[in-house]
Amino acid sequence: MVIKLITICLLLWDLMKWAIYKLSLMAVLLYYSEKGFELPSNKEMQEYQVKVAKKYLNFERIKK
């Protein structure tokens, strides 16, 4: 019973962190669009997602 309660609490904690992250990302994009900055295309976003993932996973070389 205790393990089930801990698991549920951890799941709720992760869901809250994910929601805050998603809202923060949306807030940054909204800020850029309201200030007149050009938002990146989907292709550019995917390229940067790959770069960030490789950097986060500590790959030494990033292939272009």
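Rules and cut-offs
Residues numbered from 1 in each chain as written. Predicted model: local features only at pLDDT ≥ 70, side-chain atom pairs only at ≥ 80, totals over all residues. Heavy atoms only, no water. 1 Å grid on protein atoms, 1.4 Å probe; cavity = no way out; pocket = protein on both sides within 12 Å on 5 of 7 lines; lining within 4 Å. Points joined across faces, edges and corners; volume = space filled by probe spheres on them. Helix = DSSP H or I, 4+ residues; strand = E, 2+ residues; numbered from the N terminus. Nonpolar A, V, L, I, M, F, W, Y, C, P; charged D, E, K, R; others polar. Expected span 1.5 Å × (residues − 1). Buried < 20%, exposed > 50% of the residue type's maximum accessible area, 1.4 Å probe, protein only.

**Some words on the layout of surface pockets**
- Roughly 280 Å³ of volume is contained in the largest pocket.
- Along the walls of the largest pocket sit Tyr21, Leu25, Pro40, Glu44, Met45, Tyr48, Gln49 and Val52, which together make up its complete lining.
- At the level of elements, helix H1 (2-34) and helix H2 (42-56) are the ones that each hand at least two residues to the lining of the largest pocket.
- The element best represented in the lining of the largest pocket is H2, accounting for five residues.
- In terms of residue class, the lining of the largest pocket is made up of six nonpolar, one polar and one charged.

**Structural notes on H2**
- The end-to-end C-alpha distance of H2, which contains 15 residues, comes to 21 Å, matching closely the 21 Å that a straight helix rising 1.5 Å per residue would cover.
- Of all the 15 residues making up H2, zero are buried; the element is thus mostly uncovered.

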